[in-house]
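Structural features, examined
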Amino acid sequence: MLTAHWTGKSIFDISPQALAQRGIHLLLADLDNTLSPYGVPEPTQQVQAWAKALEANGITLFVLSNNRHPERPKRFSTALGVPFIGHAGKPKPHSFYKAMEQMGCGPQETAIVGDQIFTDILGGSRAGVTTLLVEPIQLAGNPGRYLRYAAEWPFRALTKRRAKPL
Ligand SMILES: [Mg+2]
């Protein structure tokens, strides 16, 4: 499945209360261009406050990043105080299964939020979790990101047409 269950502009459009009411206890989150622009090593206060609000609603935030740099996902997640898997290999579902097993959650109570259709949303669909699509924080800096975004466009448009509110 290349369409998501829900879409919004950013993670801040995701209401922790609404997620909790859907029965979500584990929120897997892409790192680059979802939680943070590329190259920004630590979470902003706004991201920290959002993670705290998730926690207050009984939802564990868990960083699932394809970033191959050994320190990047670790530094960011440690600063945020949340578990993580780096070099996750999305859209293969194995890192999703590993995170769910680690946290003792099944697919029914798990969601993924990410900015990319062909990694985050496809991987989440394969793993059977709820899929939440956001816009990339920043496309500038790498021409490949514009090409990828163009390839994703039909699936973003379809998601916008079909998606329901959280
Ligand atoms: Mg990303």
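Up top you'll find the structure we're talking about.
Report on the accompanying structure. Starting afresh in each chain, residues are numbered from 1 along the sequence in its written order. Per-residue local features are limited, in this predicted model, to residues with pLDDT of at least 70; the limit for side-chain atom pairs, both in listing and counting, is 80 or more; totals at the level of whole chains, interfaces and linings are taken over all residues. Side-chain figures throughout are based on the complete set of non-hydrogen atoms in the structure, without hydrogens or water.

Core analysis: the largest hydrophobic core is formed by 23 residues, its most contacted members being Leu19, Leu27, Leu35, Trp50, Leu61, Val113 and Leu132. Taken together, the elements giving at least two residues each to this core come down to β2 (26–29), α2 (45–56), β3 (60–64), α3 (72–80), β5 (110–114) and β6 (130–134). Numbering of helices and strands starts at the N terminus; helices are DSSP runs of H or I of at least 4 residues and strands are runs of E of at least 2. With four residues, the top contributor of residues to this core is α2. Discounting residues that sit within four places of it in the chain, Leu61 has contacts with Leu27, Ala29, Trp50, Ala51, Leu54, Leu80, Val82 and Pro83. Counting 13 residues, the second-largest nonpolar core is a separate cluster that includes Phe62, Leu64, Ala99 and Ala127. Nine residue types can take part in a nonpolar core, namely buried Ala, Val, Leu, Ile, Met, Phe, Trp, Tyr and Cys, and a core is a set of them joined through side-chain atoms within 4.5 Å. Relative accessibility decides the category of a residue: with a 1.4 Å probe and only protein chains considered, values under 20% of the type maximum give buried, values over 50% give exposed, and everything between is partly exposed. Contacts were defined at the residue level, with two residues in contact if any of their heavy atoms lie within 4.5 Å.

Attention now goes to the packing of aromatic side chains. The description of two aromatic rings rests on the distance between their centres and on the angle between their planes. In summary, the pairing rule links any two rings of Phe, Tyr or Trp, Trp by its six-membered ring, whose centres are within 6.5 Å, and it sorts them by plane angle into stacked for under 30 degrees, edge-to-face for over 60 and tilted for everything else. This model, assessed by the stated rule, comprises two aromatic pairs. Taken together, a centroid distance of 6.5 Å and an interplanar angle of 80° make the contact between Phe12 and Trp50 edge-to-face. Separated by 38 residues along the polypeptide, Phe12 in the loop between β1 (6–8) and α1 (16–21) and Trp50 in helix α2 bring together distant segments of the chain. On the basis of relative accessibility, which here comes to 32%, the residue Phe12 falls in the partly exposed class. Where Phe118 meets Phe155, the ring centres are 5.8 Å apart and the plane angle is 85°; that geometry is what we call edge-to-face. Here Phe155 lies in helix α6 (residues 143–162) and Phe118 lies in helix α5 (residues 117–127), a separation of 37 residues in the sequence.

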